[in-house]
Amino acid sequence: QVQLVESGGGLVQAGGSLRLSCVASGRTFSTYAMGWFRQAPGKEREFVAAFSWNGGRTYYADSVKGRFTISRDNAKNTVSLQMNSLKLEDTAVYYCALRSSPTLVLVTTTAYNYWGQGTQVTVSS
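These remarks concern the structure in this document. For clarity, every value in this text was computed on a predicted model and none was experimentally measured. (Residues numbered from 1 in each chain as written. Predicted model: local features only at pLDDT ≥ 70, side-chain atom pairs only at ≥ 80, totals over all residues. Heavy atoms only, no water.)

### Some details on the state of the cysteines
So, step 1. Under the counting rule described, the total for this entry stands at 1 disulfide.
So, step 2. C22 shares a disulfide with C96; S-S distance 2.0 Å. Looking down the S-S bond of the C22 and C96 bridge, the torsion is -80 degrees, so its handedness is left-handed. Taken together, the residues span a long stretch of sequence, with C22 in strand β3 (residues 18-26) and C96 in strand β9 (residues 92-99) at a distance of 74 residues.
So, step 3. Judged by its relative accessible area of 1%, C96 is buried. (Disulfide = S-S within 2.5 Å. Helix = DSSP H or I, 4+ residues; strand = E, 2+ residues; numbered from the N terminus. Buried < 20%, exposed > 50% of the residue type's maximum accessible area, 1.4 Å probe, protein only.)

### What to know about the sheet that holds strand β1 (residues 2-7)
So, step 1. Spatial ordering of the open sheet is given by β1-β3-β8-β7, a layout of 4 strands whose pairing is antiparallel. For this open sheet the edge positions go to β1 and β7 (68-72), each flanked by a neighbour on one side alone. If you compare each strand with its neighbour and ignore which way they point, the axes differ by 15 degrees on average.
So, step 2. With 6 bridges joining them, β3 and strand β8 (residues 78-83) adopt antiparallel strand pairing. Counterpart to R19 in the pairing with β8 is Q82. (Pairing = 2+ DSSP bridges. Axes fitted to C-alpha atoms, helices over the stretch in contact; angles between N-to-C directions.)

### Quick notes on the packing of aromatic side chains
So, step 1. Following the criterion strictly, the structure yields 5 aromatic pairs and no others.
So, step 2. For the ring pair F37 and Y112, a centre distance of 5.3 Å and an interplane angle of 80 degrees mean the geometry is edge-to-face. One end of the pair, F37, is in strand β4 (residues 33-39); the other, Y112, is in the loop between β9 and β10 (114-115), with 75 residues separating them in the sequence.
So, step 3. By relative accessible area, Y112 is classed as buried at 6%.
So, step 4. An aromatic cluster is present here, built from F37, F47, Y112 and W115 joined pairwise through their rings.
So, step 5. The aromatic ring of W53 is capped on one face by R72, whose charged end is 5.6 Å from the ring centroid. (Phe/Tyr/Trp six-rings, centres within 6.5 Å; stacked < 30°, edge-to-face > 60°. Lys NZ or Arg CZ within 6 Å of the ring centre and 35° of its normal.)

Here's what the structure looks like:
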């Protein structure tokens, strides 16, 4: 029903920047929120940031607050994650997710209906 495609991942030196994009296609008219999660090897998938269509609210994990910015770009079905001042611990596969109905919870994986396949972000020294 909804397909998500991430792009923009790659290799970057610590202190550098990357911009990830997520394009949603299909039946996206009911989108409530989109978010980014990441998963490092041997780790649980963790919340990074979310953008809610409800007032354009944004949410960030403490670990990325002040460094990452989530925004709705171009059309309503596109969200980006600007990542600045990257650290080694930011290395992970980054996943885009979409929620299609209202919810009070946006920081857990179970809050989202659809997921992309992920894009690798590797931060080197």
